[in-house]
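One letter stands for each residue in the lines below.
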Amino acid sequence: MAKKITKKIKLVITAGKATPAPPVGTALGPAGINIGEFVSKFNEATKDMDGVVPAEITVYEDRTFSFILKTPPASSLIMKALGIEKGAGKTPSEKVGTITKKQLEEIAQKKMVDLNANDMEAAVKIIAGTCRSMGVEVKG
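Small disclaimer: the values here were computed from a predicted structure and weren't measured.

Enquirer: It is not clear to me how the UniProt feature "domain: Large ribosomal subunit protein uL11 N-terminal" (unreviewed entry) in the chain should be interpreted in this structure. Could you clarify?
Expert: UniProt's feature table lists "domain: Large ribosomal subunit protein uL11 N-terminal" (unreviewed entry) at residues 9–65, given in the numbering used throughout. Segment residues 9–65 splits into 28% helix and 28% strand. End C-alpha atoms: 10 Å apart.

Enquirer: So what exactly am I meant to see when it comes to the sheet that holds strand β1 (residues 5–14) here?
Expert: Note on sheets: strands pair through backbone hydrogen bonds, and any given pair is parallel or antiparallel. Within the open sheet, the 3 strands sit side by side as β1-β2-β3. Their pairing is antiparallel. The open sheet terminates on both sides in strands that have one partner only, identified here as β1 and β3 (65–69). On average, each strand axis in the sheet is inclined to that of its neighbour by 20°, with strand direction left out of account. As paired elements, strand β2 (residues 52–60) and β3 share 5 bridges and run antiparallel to each other. Paired with alanine 55 across the strands is leucine 69, a residue of β3. Along the sheet, helix α2 (residues 35–45) contacts β1, β2 and β3; its crossing angle with β3, the most-contacted strand, is approximately 30°.

Parameters and conventions
Residues numbered from 1 in each chain as written. Predicted model: local features only at pLDDT ≥ 70, side-chain atom pairs only at ≥ 80, totals over all residues. Heavy atoms only, no water. UniProt positions renumbered as here; feature names shortened; annotations may be inferred. Helix = DSSP H or I, 4+ residues; strand = E, 2+ residues; numbered from the N terminus. Pairing = 2+ DSSP bridges. Axes fitted to C-alpha atoms, helices over the stretch in contact; angles between N-to-C directions. Contact = heavy atoms within 4.5 Å.

Have a look at this one:
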């Protein structure tokens, strides 16, 4: 028989740098799971990654847990590709950079598993939309 799920928690944590301090501790403490165990497993799983990593934690009735790692947010992949710190403050008028079609395809390829897209063309359009909302000009 499958274990009964009591809670699902979504967190976005810097890869390889999870600590029991807030926000991790405050989110997992009320769920009753071993925070130290989660921190060590998460850091081990993300040691080769960089940037922020979304994690979906499933807590079971017997206080055990499992977690699924997602791909980093599209905005952080775009900022990394362009080498910028943040997006534009006033989106329509302010531009912070330009992204090529090739860079869009690379980011879409990385994000494809988490995107709601049937093919690569649709995935590229989703990433291009994120670019526009950040003040990044799409070339090509």
